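# Analysis of the macromolecular model
Chain residues, written in single-letter form:
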Amino acid sequence: MSCERARADLSLAADGELSAERSGPLTAHVQACASCAVFRSRLSTIRQGLRFEAVGEVPDVAPRVLATLAARGPRQPFGPARRWPRPGWQHRLLRGAAACLAGVVLGATFIGLSGGRPAPVASADLPDRVLAAQPAITSLAADLRLVERGWNPRVPERVFTGRLRYQAPESLDLELLDRTAYPSAEWARNDLELVVTGDRWWMRARRPCPPEAEPQCAPRQPETRLVTDREPFADATPVPLDLVTPVQSFMLGAPTPLEASRIDARRAIGVATTVAQVAPLLGGFDAAGGLRELYAADQAELWLDERTLVPLALRVIAARTPERARWAAAHGYRDEPGTVLLDLALRRVVLNRPLPAEAFPPPPAGVRAEAAGFAPAPTGVPGPAPAWLPPGFRPYRAGVVATPHGPTVVVRTWTDGRAWVKVRTTRNWPGGRLFGDLGALVRPVKLPGGTGYSSEDGARIGIHAQGMDVLVTGSLAAAALERVAGSLAVAGRPVPSGWAEAATATLDRALAAAPGLLVPEHLWGFGPPAVRVDGKAVSLAFAGPGARGFLLAEAPGTRLSPPADSDVQGVRVRSADGRYSLALGELEWVEHGRVVSLRSTTLSLEELLAIAQSLERR
Amino acid sequence: MDEPEPAVIRAAIAGDMQAFERLVRQFQPHVWRFLRHLLNDAALAEDVTQETFLRLYQHLPRFGFRCKFSTWVLRVARNAGIDALRSRERHDRLARDAPVPTPVLAPETRAEVRAAVASLSPKLREALLVIEVLGLSYREAGQVLGVPVGTVKSRVFQARERLTAWRAEGGRASEL
C-alpha cells in the first residue's frame, strides 16, 4: 500500500466510511509507517480543534428572526426570478431523497469513537462543568411533575406531582403525589415521601408491586421505614443526589450532542444520551410505587440549567431497534418505538435560598427505627486523613461503624457543600478480597505511598496496607480522588495471591500474556479498563458515565461454545459471523484463533458493534 | 443531529410561529457553528444564521419530506454562507485587503486549527466542516453541498492533506 493510498484511507476511516476489508491492511501499514501515523494523529488534532468549543457561545437568533418575520407579514410566494432554488438543485435533492428513503435510519449511538464520525460539538467540557458546579449549590427547591407511559396496559399514563428540596451537603426531601386517573377505585395510589437529614432517613411508600399484579397487589397501604445512625454519604441510602447535580451521570462523560433552549425562563442545555447514563438520576424515583422498567439503550434527553447544571427536564423515548422490541415483548411492555415513556420536569426551581425548618419533616410518630450502626465521634477518630483535599473542603461528620459480624470501620468525611470525600478505614478486615466493594474487576493505580486499586468507574479507590485496609470514595473526578488517596500516609501493597483481585493486571501485562489482543482504539466516554488475566484469557472492563459500561473478554478458541440461551441472533461482526444474545447483552465472534466477547447490559447492539469495529490488534 | 417531529415541521409549514421557533432553536447551534467556521467571523456568522432561518421560513412550503429535514436546513445554511462569502470577497477586493497570513507550523492549538481551516479554499473548507463540525455522513454531506459522494470524499481528503502538510510553503500539500 502506498502512503498516499494509506492517507486517503485514514481520511475515510476517520469518518467511519472505510470498508471493513480495507481496514486490516491499513492498520498494518500505519503500524509500520511513521509518517502515516503522524498523519493520523494530526487528523485527530484537527478534529479536536474544530469540534470542542465552550458551551454558551451559540447566539440565540430566534427573537430577531421572529420579529423580522412578524414585521414582514404573511409568507410571500416564490417568484420565478428568485435565485433559489438554483438550477440542478431539485434533481440533486431528488437523487438525495432516494438515498434518504433507501437508507435505514438507525437510532443514534452514543459511543464516542474518535475514529468514527465526530460527535456534534461542544460537550467535551460538560463532565468538568458538572463537577465544578457542585459546590455552587447550597440549597434547591423545585416542583416536580412526572408522567410515565406504558406502566400497565390498563393504565396508559400515570401522573405524579410533587416537590424536591435539598440542603447541602446531604439533606433531601422528595415528595410525590400520585394523580393518575386510574380505571377504578380498586387501584391503589402510589404516593411517596423520602426525607434524608444527615444521620437519619425515612421513607413512606407502598411496597413496589409488579405492574401485572395490579390492582390486586397487596399491601395496598403505604409503609414507613425509618433508619437512624446513618453513616455520612452512605451508599445504602436512597438519596437521589443526582437530581440536584448529575455528578454520577457525567462522572466519566461521554461526548454527547448539546442543544440550547429555554425552560421555565432558564437557559438550558440539552444532552442526548441513553437511559443507562441517567440511571443514577432516575434511581431517585425507584421508590415511587415501582416505576416501569426502561430499556438501558432507550434514548434519554436531559436538559440542564445552563449556569448551574441542575436538571430541569428529562424525557425518555423508546429506542427503535429490533432488540428493543424483543426486550419489550420479553418484559410485557407494548411500547411503540419512538414514543415518550417518561417525562420529568422540574419547575419553579429556586436555588441557594434558605429553606424553612419544616422543609425536612420528621418521620410520623411511633415508627420503629432500624439502626444502621454509625456512632458519631465529634471529637475526632483515629485513622488516616488526606494531606491534600480540593480547595474549600472542611471536615464533616466522622465516627465509627461497628456491626456484630463485620469489621469495625472508622469513617471520616469532608465536604465543600455538595461535593464530598469519605475515607473508611478498618484494621480487622478478614481479607479474601479488597475492602470496600470495588467490584469484580479493578484497576491498579500507582499512588505515592505504593499500590492502590480503583474500581472500574474510578469512583472508589481501595488500599491494602500492613494491618490496615482503606477505602476512599467521593463525588470528585477520578484524578482528584486518586490525588486524595495518594495523600494518605498509607503504604499500599499488592493484594495477597489468594485474593479475588490477585489476577488484576495492567494492560501491558495483559498484552504480554496474550499478544495480538484486541483493544478498543480511540474510544471516548469510557475510563481506562480494569484488566484481569487468567492464564491466556483476558478480561477488560470499561466503565462509562452513569451505569454505562462493557466487558471485553478474549480467550483462545476457534469456535463459539453452544449458546447458553435460545434467544440468540446471528450478527455480522468485523467481517466474521458472530452472534448476539439479547438476554445476556453479549456479542460474540471468533477472530485469529480467539473467542471474543463484548458484554453489556447497558449498551445497545449497535453500540457494541461500534465498539467491535473500533478494536485493533495490539 | 436529531430530526424534528414531522408534526412540528407540518405546523411550521402551516404558519405556526411557535413550531417554527422550535425548529430555529433546535438547529441554530449547528447552523451557527458551521457558519462560524466557514466564514471565520463570529459576528457575520450570527447575521448569516439569522438570514438562514429567514430563508428557511420562506422555503418551508417546499419541504416535501423527501429528505431529512436537518440536511435540508443545513443546505439552506450552506447556500446563505456561500452567498455571504462571495459578497465579502467582492468587498475585500474593493478594499484591497491583505491576504490571510499563512501559518508555517502544523496547527496544534484550537486557534491554529481554525486559522489553518480558514485559509482553505471555500470548496475544501465547507466539505471538511460538514463532516468534522456537523458530523454528517458523506452521503448527507453530498446532499448539503449538492455534489456526489465521491466529490465529498476527495475534497475532505484534500482539505486534510493541506492541513496536515502545513509545514510546506504556501499551504500546498507535500509528502510528510
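Rules used in this analysis
Residues numbered from 1 in each chain as written. Chains lettered and ligands numbered in written order. Predicted model: local features only at pLDDT ≥ 70, side-chain atom pairs only at ≥ 80, totals over all residues. Helix = DSSP H or I, 4+ residues; strand = E, 2+ residues; numbered from the N terminus. Contact = placed C-beta atoms within 7 Å. Buried ≥ 20, exposed ≤ 12 C-beta atoms within 10 Å, placed from the backbone. Pairing = 2+ DSSP bridges. Axes fitted to C-alpha atoms, helices over the stretch in contact; angles between N-to-C directions. Parallel < 35°, antiparallel > 145°, perpendicular 65-115°, else oblique. Left-handed = near helix turned anticlockwise from the far one by under 90°. Nonpolar A, V, L, I, M, F, W, Y, C, P; charged D, E, K, R; others polar. Core = buried A, V, L, I, M, F, W, Y, C linked by C-beta atoms within 7 Å. Expected span 1.5 Å × (residues − 1). pLDDT = per-residue confidence, 0-100.

## Examining the overall build of chain B
- Of regular secondary structure, chain B possesses eight helices and zero strands.
- Starting at the N terminus and ending at the C terminus, chain B contains elements arranged as α-α-α-α-α-α-α-α.
- Contacts spanning at least 24 positions in sequence make up 59% of the contacts within chain B whose residues lie at least 6 apart.

## Regarding the overall build of chain A
- Scanning chain A for helices and strands turns up twelve helices and 32 strands.
- Classification of the 618 residues of chain A by burial places 45% in the buried group.
- Nonlocal contacts in chain A, meaning residues at least 24 apart in sequence, comprise 65% of its contacts between residues at least 6 apart.

## So, the sheet that holds strand S22 (residues 504–505) of chain A
Residues and elements named next belong to chain A.
- Pairing in this open sheet of eight strands is antiparallel, and the strands run S22-S25-S26-S27-S31-S30-S29-S28 from one edge to the other. Each end of this open sheet is capped by a strand with a single partner; those strands are S22 and strand S28 (568–573).
- Across six bridges, S28 lies against strand S29 (residues 576–581) in antiparallel orientation. Bridge assignment links Gly 570 to a residue of S29, and that residue is Arg 579.

## Side note on the sheet that holds strand S14 (residues 374–376) of chain A
All names here are of chain A.
- Here eight strands make up an open sheet; going across it, the order is S14-S15-S16-S17-S21-S20-S19-S18 and the pairing antiparallel. With one partner strand each, in any of the chains shown, S14 and strand S18 (442–447) form the two edges of the open sheet. Neighbour-to-neighbour, the strand axes of this sheet turn through a mean angle of 25°, independent of strand direction.
- Pairing of strand S17 (residues 420–426) with strand S21 (residues 468–474), which is carried by six bridges, proceeds in the antiparallel orientation. From the neighbouring strand, Thr 425 faces S21, where its bridge partner is Val 470.
- Sitting on the sheet, helix H10 (residues 478–486) is in contact with S17, S18, strand S19 (450–455), strand S20 (460–465) and S21, with an inclination near 150° to S21.

## So, the packing of helix H6 (residues 122–132) of chain B against helix H7 (residues 138–145) of chain B
Residues and elements named next belong to chain B.
- Between H6 and H7, whose axes approach to 10 Å, the crossing angle comes to 135°. Classified by the angle between their axes, H6 and H7 sit oblique to one another. Where H6 crosses over H7, the handedness of that crossing is right-handed. For the pair H6 and H7, contact is made by Glu 126, Ala 127, Val 130 and Ile 131 and by Ala 141, Val 144 and Leu 145, respectively.
- For the contact of H6 with H7, the per-class residue count stands at six nonpolar, no polar and one charged.

## Structural notes on the pairing of strand S15 (residues 394–401) of chain A
All names here are of chain A.
- For S14 and S15, the ladder comprises three bridges, and the chain directions are antiparallel. Across the sheet, residue Pro 376 finds its bridge partner in S15, namely Gly 399.
- Direction of pairing for S15 relative to strand S16 (residues 409–415): antiparallel, over a ladder of six bridges. Paired with Pro 395 across the bridge in S16 is Trp 414.

## Overview of the nonpolar core
- Counting residues in hydrophobic clusters, the biggest one holds 118 residues, and the most contacted among them are Val 275, Leu 304 and Leu 608 of chain A.
- In terms of nonpolar packing, the next biggest core, distinct from the first, is built from 64 residues, Phe 39 and Val 65 of chain A together with Val 48 and Leu 163 of chain B among them.

## So, unusual backbone geometry
Residues and elements named next belong to chain A.
- In this chain, Ala 168 is followed by Pro 169 through a cis amide linkage whose omega measures -5°.
- You can see Pro 169 is positioned in the loop between strand S3 (155–167) and strand S4 (171–178).
- If you check the backbone angles, Arg 574 has positive phi at about 45° while not being a glycine.
- Unlike most non-glycine residues, His 592 shows phi in positive territory, near 50°.
- Judged by local crowding, His 592 falls into the exposed class, with 11 C-beta atoms found within 10 Å.

## Examining helix H3 (residues 42–59) of chain B
- Between its terminal C-alpha atoms H3 of chain B stretches 25 Å, which fits the 26 Å expected from 18 residues at 1.5 Å a residue.
- Every buried residue of H3 of chain B is accounted for by Ala 45, Glu 46, Val 48, Thr 49, Gln 50, Glu 51, Thr 52, Phe 53, Leu 56 and Tyr 57 of chain B.

## What to know about the pairing of S21 of chain A
All names here are of chain A.
- Of all seven residues in S21, six are buried; the element is thus mostly enclosed.
- Of the strand pairs in this sheet, S20 and S21 are connected by six bridges, and their pairing is antiparallel. Bridge pairing in S21 places Arg 460 opposite Thr 473.
- If you look at the hairpin formed by S20 and S21, you'll find two residues sitting between the two strands, and Gly 467 has a positive phi there, around 70°.

## Observations concerning the confidence of the model for chain A
- Residues with a pLDDT of 70 or more make up 84% of chain A, whose mean pLDDT is 80.
- Between the elements of chain A, mean pLDDT differs from a low of 28, seen in helix H5 (residues 89–102) of chain A, to a high of 95, seen in S20 of chain A.

## With respect to the environment of Ala 419 of chain A
Residue and element names in this part refer to chain A.
- Within the fold, Ala 419 resides in the loop between S16 and S17.
- With 25 C-beta atoms counted inside 10 Å, the residue Ala 419 sits in the buried group.
- Along the chain, Ala 419 and Thr 245 lie 174 residues apart, while their C-alpha atoms are 9.9 Å from each other.

## Looking at the environment of Leu 177 of chain A
- Its place among the elements puts Leu 177 of chain A in strand S4.
- Through-space distance from the C-alpha of Leu 177 of chain A to that of Val 159 of chain A is 8.5 Å; in sequence the pair is 18 residues apart.

## Some thoughts on the packing of H6 of chain B against helix H8 (residues 149–164) of chain B
Residue and element names in this part refer to chain B.
- One can describe the packing of H6 onto H8 by two numbers: an axis separation of 8 Å at closest approach and a directional angle of 100°. Comparing the axis directions of H6 and H8 gives the class roughly perpendicular. Of the residues in H8, those touching H6 at Lys 123, Leu 124, Arg 125, Ala 127, Leu 128 and Ile 131 are Val 152, Arg 155, Val 156, Gln 158, Ala 159 and Arg 162.
- For the contact of H6 with H8, the residue count by class is seven nonpolar, one polar and four charged.

## Some details on the confidence of the model for chain B
- Confidence in the prediction of chain B, expressed as mean pLDDT, is 80, and 81% of residues score 70 or more.
- Reported for the predicted complex are a pTM of 0.57 and an ipTM of 0.85.

## Here we look at the environment of Glu 323 of chain A
Residue and element names in this part refer to chain A.
- Position of Glu 323 among the secondary structure elements: in helix H9 (residues 322–331).
- A count of 17 C-beta atoms within 10 Å places Glu 323 in the partly exposed class.
- Between the C-alpha atom of Glu 323 and that of Tyr 580, which follows or precedes it by 257 residues, the distance is 9.9 Å.
- Not counting chain neighbours up to four residues away, the residues in contact with Glu 323 comprise Leu 582, Ser 604 and Leu 605.

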